[in-house]
Amino acid sequence: MRLDHVTLRVRDLDAHRRFFKAVLDLRDGFRPAFGFPGCWLYAGSEPVVHLIPARPGGAEAAPSGEGIDHVAFLRDDHDAFSERLDHHGIPYGRMELPEIGERRLFIHAPGGALIEVAFREPTPTPRTQEALP
């Protein structure tokens, strides 16, 4: 297992996008069509920083509504891991992203923090990771 990415909720997507590109040399790249705004920033071929809009009012985040939305870990044992969650009675959400060859499970830590566990298919479907204009 390894840390996969961080998702940040931000009030100004473009300012954060420019900051991470200029300071960390990240680049814009492919992001699935989730139905809400955001962008994925890549280090090499991996999307390591995901930016999404801050929640109005920021009830569970910082007073500004900005903050870390969730942390994601990458594993390679989807079936065994979901069976472990079932065994312990831990509820989870699913997200299937066939266009990038990933399946994701979402769980909450005891204090409420959102944890994503991503699983990449051994032979992922082709994905476009070319830089955006």
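A short tour of the structure in this document, coming up.

### Points about the side chain of D28
Here is step 1: For D28, the position within the fold is in strand β2 (residues 27-29).
Here is step 2: In terms of polar contacts, D28 uses its side chain to reach the side chain of R17, at 2.8 Å.
Here is step 3: Among the polar contacts made by the side chain of D28, one reaches the side chain of K21 at a distance of 2.8 Å.

### Observations regarding the pairing of strand β7 (residues 102-108)
Here is step 1: Judged by how many residues are buried, β7 sits mostly within the fold: five of seven residues are covered.
Here is step 2: Alignment of strand β6 (residues 93-97) against β7, held across five bridges, turns out to be antiparallel. What sits directly across from R94, in β7, is L105.
Here is step 3: In this antiparallel pair of consecutive strands, β6 and β7, the connection spans four residues, and G101 shows a positive phi of 65 degrees.
Here is step 4: Both β7 and strand β8 (residues 114-120) contribute to a ladder of seven bridges, which runs antiparallel.

What counts as what
Residues numbered from 1 in each chain as written. Predicted model: local features only at pLDDT ≥ 70, side-chain atom pairs only at ≥ 80, totals over all residues. Heavy atoms only, no water. Helix = DSSP H or I, 4+ residues; strand = E, 2+ residues; numbered from the N terminus. Polar contact = N/O pair within 3.5 Å; in protein donor to acceptor, adjacent residues only side chain to side chain. Buried < 20%, exposed > 50% of the residue type's maximum accessible area, 1.4 Å probe, protein only. Pairing = 2+ DSSP bridges.

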